[in-house]
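Fold and geometry: a report
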Amino acid sequence: MSLPPIKRVLLKLSGEVLMGDQQFGIDPAFVADLAAEVKAAKDTGLEICLVIGGGNIFRGMAGAAQGMDRAQADYMGMLATVMNALAMQNALEQLGVQTRVQSAIQMDQVCEPVIRRRAERHLEKGRVVIFAAGVGAPYFTTDSGAALRAAEMRCDALLKGTSVDGVYDSDPKRNPAATRFDTVTYDKVLADNLKVMDASAVALCRDNKIPIVVFSIREKGNLARVLSGKGVQTIVQDN
Ligand code: UDP
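One structure accompanies this document, and this report is about it. Here, residues in each chain are numbered from 1, in the same order as that chain's written sequence. pLDDT decides what is reported in this predicted model: residues at 70 or higher carry local features, side-chain atom pairs at 80 or more are listed and counted, and totals for whole chains, interfaces and linings draw on all residues regardless. Here the side-chain values reflect all heavy atoms present in the structure, with hydrogen atoms and water set aside.

Only DSSP runs of H or I reaching four residues or more are called helices, and only runs of E reaching two or more are called strands; each is numbered from the N terminus. Along the chain, the position of Ser216 falls in strand E8 (residues 212-216). C-alpha separation for the pair Ser216 and Gln233, spaced 17 residues apart in sequence, amounts to 7.6 Å. By the convention used here, residues are in contact when the closest approach between their heavy atoms is within 4.5 Å. Discounting chain neighbours no more than four positions away, the residues touching Ser216 are Thr162, Ser163, Val164, Asp165 and Asn222. In protein, a polar contact means a hydrogen-donor-capable atom and an acceptor-capable atom, both N or O and within 3.5 Å, with residues adjacent in sequence counting only if both atoms are side-chain atoms; elsewhere, any N or O pair within 3.5 Å suffices. Within the structure, the side chain of Ser216 is placed 3.2 Å from the backbone nitrogen of Arg218, a separation counted as a polar contact.

Below is the structure:
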């Protein structure tokens, strides 16, 4: 099963890919490499929306596990995603790619608020739009933010660039016999609780028929390969 033709894509990057080989934070050299991948994809004529996680800086669940109030910790996590968005904006603009950051938590001095029609206009003008702060509410993740923006911006696919090269039937780090799916349905992902994205994000994509492509962004050139249908990936969609 292959993807439908893609004109507009939402690329979700986990925060952890921004830290490169570090244990925490942002590695500017690695962000520059990621930006080059995004530029290469954009140069093929694609319209690109970006959503970046915050797990390299702060995750609400981790704060809550250490006794913090969950909602408070989640707001910290959302602020982390804004920092990552600014880092990516900087890296893209150093490569000459025009960008705008739109945050679901209003931060006028730093970036625009999320305004769908304005985002449309940015894309028409060839800018990459980076959506920050997830859905703007605690108890969600940037996966849900990515699914929401993919739906409202009518993206043809949601590409999830992460550290693993697809969806496996069990955790490949713990089970050497784990096998990767080439394609899998939304319903199987939800029923078997496969680790793709959180359930609300998968359900939103299913209800809006947005294919999810899970691939490793750590390998150079992989984004372009995945977009041309030649990469190692898992596609989540209906049969
Ligand atoms: N977050 C949130 N609401 C959102 C998006 C993010 O509360 O709509 C918080 C949440 O605490 C999350 C953190 O921001 O743990 C960082 O996002 P995420 O864990 O999705 O980042 P990733 O795993 O992709 O790096």
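Further remarks concern the nonpolar core. Only buried residues count toward a nonpolar core, which is a set of Ala, Val, Leu, Ile, Met, Phe, Trp, Tyr and Cys residues joined through side-chain atoms within 4.5 Å. In this scheme, a residue with accessible area under 20% of its type's maximum is buried, one over 50% is exposed, and one in between is partly exposed, where area comes from a 1.4 Å probe on protein chains only. Ranked by internal contacts, the top residues of the largest apolar core, which has 36 residues, are Leu50, Met88, Leu92, Ile130 and Leu159. Elements with a contribution of two residues or more to this core: strand E1 (8-13), helix H1 (28-42), strand E2 (47-52), helix H3 (70-94), strand E5 (128-132), strand E6 (157-162), E8 and helix H8 (222-227). Counting 28 residues, the second-largest nonpolar core is a separate cluster that includes Ala146, Phe181, Leu194 and Val196.

Counted at 1.5 Å a residue, the expected span for H3 with its 25 residues is 36 Å, and the 36 Å between its end C-alpha atoms agrees. Just downstream of H3 lies Gly96, where phi reads positive at about 85°. Here, expected helix span is obtained from the residue count minus one, scaled by 1.5 Å.

For the rest of this paragraph, the subject is the side chain of Asn56. On the secondary structure map, Asn56 appears in the loop between E2 and helix H2 (60-65). Among all residues touching Asn56, those that are not within four sequence positions of it are Gly15, Glu16, Leu18, Met19, Phe24, Gly25, Ile26 and Asn84.

Taken together, the neighbourhood of the ligand is formed by 20 residues, with Gly15, Arg59, Asp74, Ala137 and Thr142 sitting nearest. In the model, an oxygen atom of the ligand is placed 2.7 Å from a nitrogen or oxygen of the Arg59 side chain. Here a nitrogen atom of the ligand and a backbone polar atom of Phe140 are 3.2 Å apart. In isolation the ligand offers 520 Å² of accessible surface; the protein chains occlude 94% of this area. It is H3 that provides the largest number of residues to the shell around the ligand, a total of three residues. Think of it as three bins: nonpolar holds Ala, Val, Leu, Ile, Met, Phe, Trp, Tyr, Cys and Pro, charged holds Asp, Glu, Lys and Arg, and polar takes everything else, Gly as well. Residue composition of the shell around the ligand, by class: six nonpolar, eleven polar and three charged. What makes a residue near a molecule or strand is one non-hydrogen atom of that residue sitting within 4 Å of it. Each accessible area value is a Shrake-Rupley result obtained with a 1.4 Å probe; residue values ignore everything except the protein chains displayed when judging cover.

On to H1, then. For H1, built from 15 residues, the straight-helix expectation of 21 Å at 1.5 Å per residue is met to within 8% by its first-to-last C-alpha distance of 21 Å. Burial in H1 covers these residues: Phe30, Val31, Leu34, Ala35, Glu37, Val38 and Ala41. Buried positions in H1, seen along its axis, are confined to an arc of 155° and lie on one side of it. The exposed set on the far side of H1, more than 90 degrees from its buried face, consists of Pro28 and Ala29. Sitting at the head of H1, Asp27 places a side-chain oxygen 3.1 Å from the backbone nitrogen of Ala29. By definition, the arc is the one covered by directions from the helix axis to the C-beta atoms.

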